[in-house]
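In case you want the letters, here they are:
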Amino acid sequence: MNYEVPTVFFDTAKPMLPALRLPNPTREAIQAFQVELAKYEQTELTPDHYFADGQCLRELVIPARTFVVGKIHRHEHVVMLASGEVTINTNNGMERIKGPKAWVSPAGAKRALYTHTECVFWTSHLNPTNTQDLAELEAIVIEPEPSPFEGLAQITEDIQRAYS
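On a predicted model such as this, the values are computed, not experimentally measured, just so you know.

Reading the values: the criteria
- Residues numbered from 1 in each chain as written.
- Predicted model: local features only at pLDDT ≥ 70, side-chain atom pairs only at ≥ 80, totals over all residues.
- Heavy atoms only, no water.
- Helix = DSSP H or I, 4+ residues; strand = E, 2+ residues; numbered from the N terminus.
- Buried < 20%, exposed > 50% of the residue type's maximum accessible area, 1.4 Å probe, protein only.
- Contact = heavy atoms within 4.5 Å.
- Areas by Shrake-Rupley, 256 points an atom, 1.4 Å probe, with all protein chains shown as cover.
- Salt bridge = Lys/Arg side-chain N within 4 Å of Asp/Glu carboxyl O.
- Pairing = 2+ DSSP bridges.
- Axes fitted to C-alpha atoms, helices over the stretch in contact; angles between N-to-C directions.
- Phe/Tyr/Trp six-rings, centres within 6.5 Å; stacked < 30°, edge-to-face > 60°.

A.B. asks: It is not clear to me how the overall build of the protein should be interpreted in this structure. Could you clarify?
C.D. replies: The helix and strand inventory of the protein stands at three helices and 10 strands. Moving toward the C terminus, one meets the helices and strands of the protein in the order β-α-β-β-β-β-β-β-β-β-β-α-α. The buried share among the 164 residues of the protein stands at 42%. A separation of at least 24 residues holds for 74% of the contacts in the protein among residues at least 6 apart in sequence. Of the roughly 9,100 Å² of accessible surface on the protein, a fraction of 54% belongs to carbon and sulfur atoms.

A.B. asks: Sorry, what's going on with the pattern of salt bridges here?
C.D. replies: This structure, assessed with the given rule, holds five salt bridges. For the salt bridge of Lys-39 with Glu-36, the shortest nitrogen-to-oxygen distance reads 3.1 Å. A residue is classified by how much of its surface remains accessible, and Lys-39, at 53% relative accessible area, is exposed. Note that Glu-138 and Arg-58 form a salt bridge whose closest N and O atoms lie 3.9 Å from each other. With a gap of 80 residues between them, Glu-138 in helix H2 (residues 134-141) and Arg-58 in strand E3 (residues 55-62) connect regions that are remote in the sequence. Each member of the pair, Glu-138 as well as Arg-58, carries the same accessibility label: buried.

A.B. asks: Whenever I open this one, the sheet that holds strand E8 (residues 101-105) confuses me. Can you help?
C.D. replies: Two strands in a sheet stick together by hydrogen bonds in their backbones, pointing the same way (parallel) or opposite ways (antiparallel). Spatially, five strands are ordered E2-E3-E10-E5-E8 in an open sheet, and the strand pairing comes out antiparallel. Of all strands in the sheet, those bounded by a partner on one side alone are strand E2 (48-52) and E8. Ignoring which end each strand starts from, the neighbouring axes of this sheet average 20° apart. Sheet topology note: the strand E5 (residues 77-83)/E8 ladder contains five bridges and is antiparallel. Across the sheet, the residue bridging to Val-78 is Val-104, located in E8.

A.B. asks: What exactly am I supposed to notice about the packing of aromatic side chains here?
C.D. replies: In this description, an aromatic ring pair is defined by two values, namely the gap between the centres and the angle between the planes. Scanning the model with the defined rule gives two aromatic pairs in all. Ring centres of Phe-33 and Phe-67 lie 5.6 Å apart, and the angle between their planes is 75°; on these two criteria the pair is classed as edge-to-face. Note that Phe-33 is positioned in helix H1 (residues 27-37) and Phe-67 in strand E4 (residues 66-69), a separation of 34 residues in sequence. The pair formed by Phe-33 and Phe-67 is uniform in burial state, with each residue classed as buried. A ring pair is formed by Phe-67 and Tyr-114, whose centres lie 4.8 Å apart and whose planes are at 50°; its orientation type is tilted. Here Phe-67, found in strand E4, pairs with Tyr-114, found in strand E9 (residues 112-115); they are 47 residues apart in sequence, far enough to count as distant. Pair check on accessibility: Phe-67 and Tyr-114 agree, each one buried.

A.B. asks: Whenever I open this one, the pairing of E4 confuses me. Can you help?
C.D. replies: A regular strand places its side chains so that they alternate between the two faces of the sheet. Of the two faces of E4, the one carrying Thr-66 and Val-68 and the one carrying Phe-67 and Val-69 are both buried. In this sheet, E9 lies alongside E4 in antiparallel orientation, the contact comprising three bridges. Opposite Val-69, over in E9, you have Ala-112 as the bridge partner.

As structure tokens, then:
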């Protein structure tokens, strides 16, 4: 199962988009940033999953110079930056963090980040049903929200129709 969040690879010469320049971006600013990122070519990220009784660990490797907007998690969980360097909105605002580093992310948090180097993230989630069905697990862990990609195909078709 691919991690379907807006992820964009940028050359280091390009400036960061405005939402990541804010010292403490709001959820609304991050969602606007997510919509903006959805306009660019996406980088596919595929996490690995490790299961133990009542638990799931998700490992995600993110290439250097990539913007990512994460999903909203229903529950408090542990996040670990195993390696790499990232600028991410934390509970204390935007911070540049170098791994290894761990923290607790509260329920309902939405994160935006930029990887300065390749980064390896681990997130630990409760898995009360011991499912290994990733769609079922995501329904337990992730709060649904509209896709940032919705409407983009229609906008593209409208533009093509207008200029054809």
